[in-house]
Amino acid sequence: MSNGQTKTDVILIGAGIMSATLGSLLKELAPDWEITVFERRAIAGEESSNEWNNAGTGHSSLCELNYTVEKPDGSIDISKAIKVNEEFQVSKQFWSYLVHSKLIRNPKDFIVPVPHMSFVRGEKDVTFLRKRYEALSNHPLFQGMEFSDDPDQLKEWIPLMMKNRTSNQPIAATRSEAGTDVNFGALTRILFDHLKRKNADIQFNRHVEDIKRTADGSWELKVRNVESGAVSRHTAKFVFIGGGGGSLHLLQKSGIPEGKGIGGFPVSGLFMVCQNPEIVAQHHAKVYGQAPVGAPPMSVPHLDTRFIDNKESLLFGPFAGFSPRFLKFGSMLDLITSVKPHNLVTMLAAGAKNASLTTYLIKQVMLSKEKRMEALREFVPNAKSEDWDLLVAGQRVQIIKDTAAGGRGTLQFGTEVISAADGSIAALLGASPGASTAVSVMLEVIQKCFPEHIHAWEPKIKAMIPSYGASLSNNPELIRELHASAARTLGLKETWPLEAVH
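Note that this is a predicted model, so its numbers are computed, not measured. (Residues numbered from 1 in each chain as written. Predicted model: local features only at pLDDT ≥ 70, side-chain atom pairs only at ≥ 80, totals over all residues. Heavy atoms only, no water.)

Hey, could you run me through the environment of glycine 243 in this one?
Position of glycine 243 among the secondary structure elements: in the loop between strand E13 (231-241) and helix H7 (247-254). Separated by 184 residues in the primary sequence, glycine 243 and alanine 427 have C-alpha atoms spaced 8.4 Å apart. In this structure glycine 243 touches Ile13, Gly14 and Leu327, once residues within four positions along its chain are discounted. (Helix = DSSP H or I, 4+ residues; strand = E, 2+ residues; numbered from the N terminus. Contact = heavy atoms within 4.5 Å.)

Okay, structure coming up:
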């Protein structure tokens, strides 16, 4: 069964944090544009954006050791850490604007201050952490970071992790009170509620089955109602594919040349969760360690304070795993149906290159609860099995493509926008730090896809994001102002006193 064709200005596929952010930006920049959203699930933010499907870390490089690499000469490359931190500052500016504009009522519904820490053991890693701290703490974006290798100080910072710790190897940690816990599921739902009030047409239980170009250059979508089976057709001048792991299949169906040769590698995740108030009360931080040898970057172990539904809990993980699904609620055929003639060689090359990674992921899937508890006890020495439950987190699909640096079939870790040359369609692929950098990434989509409007929109963009077009790294005074403003508006810790900026 099919009904008529509906025309709109913008179609957003997937009701996750990326579509929510892009829709919210466009509604501020072009209030008259008609926006339609199609989401396969019954509510917004059910896949990667859901609060139980990610760690909720406001990724700002304060604790993630994989964003700082030790170079052959022993120095620390902090360029990626700076980039990720700057992108998170952009997100905070936009969220602050929404709060100021009364478009978000209570920021505590989605963001709270939680210290971010890095924790290492062994002489080699302690030396690395000290060098990392020295490199970062000299940069204006990382003011207020502390370092300690004193067990008494660490007992104050992380009492649960230090209790009954008997190892005599050196340990150290860094700590920043500028860290946050972000409920991206709640934020996604808040933004979609806002879009609904702004007359966006948000349709749930809708599966986009096909997408093709029309004679006039628009895009036509074939959309099925998953409850009734009815099929409808919708056209738009611009389409954004923000369907998480599901984006790759739709990008391929669009047929744009920019989507050729790209594959996807799915990685699943599991967390251990503790909701015993007595234990939860003993830990207040997000503490990141070093990834095990052979593990992918998204498998960096961390012990996190989480605030979900006004309740505090602890998450430990993630334990990586392998599933051929591209979405948590996806199909077991997702991986195999993503292999096309144009990406077959790339996918085969990636398979050969990453055989050890695949083996590692399969071993992770096979871990017993007790084996997972052993990994947790590296962080919490006296953790008891009965206090921790297993939680299946979201699916991540890492990009596979040929690159100049990595050669054929290189596995990419990060987030990437693929857009048509004429800007009529864009797709978001990849994973972490994803949600934290949503505003920066969606501004990139706007710049790529609406170049003819940028000049007219620039004053409004700067009103929403004061640092737009400026490099924060070269402007310590602006950093101080933005941190102070965001701290006041979003209820965060002010860790950048005027005299500390240098």
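What should I look at first to understand the layout of surface pockets in this one?
Over the atoms rolls a probe the size of a water molecule, and its path tells where empty space is left. The calculated volume of the second largest pocket comes to roughly 450 Å³. In this structure, the second largest pocket is lined by 22 residues; those nearest its centre are Gln290, Pro292, Pro301, Ala375 and Glu378. Of all the elements in the fold, those that place two or more residues in the lining of the second largest pocket are strand E6 (116-121), strand E17 (311-321), helix H11 (355-365) and helix H12 (369-377). Top contributing element to the lining of the second largest pocket by residue count: E17, with four residues. For the lining of the second largest pocket, the per-class residue count stands at 12 nonpolar, five polar and five charged. (1 Å grid on protein atoms, 1.4 Å probe; cavity = no way out; pocket = protein on both sides within 12 Å on 5 of 7 lines; lining within 4 Å. Points joined across faces, edges and corners; volume = space filled by probe spheres on them. Nonpolar A, V, L, I, M, F, W, Y, C, P; charged D, E, K, R; others polar.)

Can you help me understand the nonpolar core in this one?
Buried together is how nonpolar side chains tend to be arranged in soluble globular proteins. Counting 59 residues, the largest nonpolar core has Trp95, Phe110 and Phe240 as the members making the most contacts within it. Considering each element in turn, this core owes the most residues, eight residues, to helix H13 (residues 438-449). Here phenylalanine 110 is in contact with Trp95, Ile104, Asp181, Val182, Asn183, Ala186, Leu187, Ile190 and Leu490, once residues within four sequence places are set aside. (Core = buried A, V, L, I, M, F, W, Y, C linked by side-chain atoms within 4.5 Å. Buried < 20%, exposed > 50% of the residue type's maximum accessible area, 1.4 Å probe, protein only.)

Explanation requested: a nonpolar patch on the surface in the structure shown.
A cluster of nonpolar residues, Leu344, Val345 and Leu348, forms a patch on the protein surface that exposes about 280 Å² of accessible area. Counting through the fold element by element, leucine 344 comes out in helix H10 (residues 344-353). Its relative accessible area of 37% is what places leucine 344 among the partly exposed residues. (Patch = residues over 30% accessible without salt bridge, like charges linked within 9 Å, V, L, I, M, F, W, Y side chains within 5 Å. Areas by Shrake-Rupley, 256 points an atom, 1.4 Å probe, with all protein chains shown as cover. Salt bridge = Lys/Arg side-chain N within 4 Å of Asp/Glu carboxyl O.)

Note that all results are geometric; they support no functional claim without further evidence.
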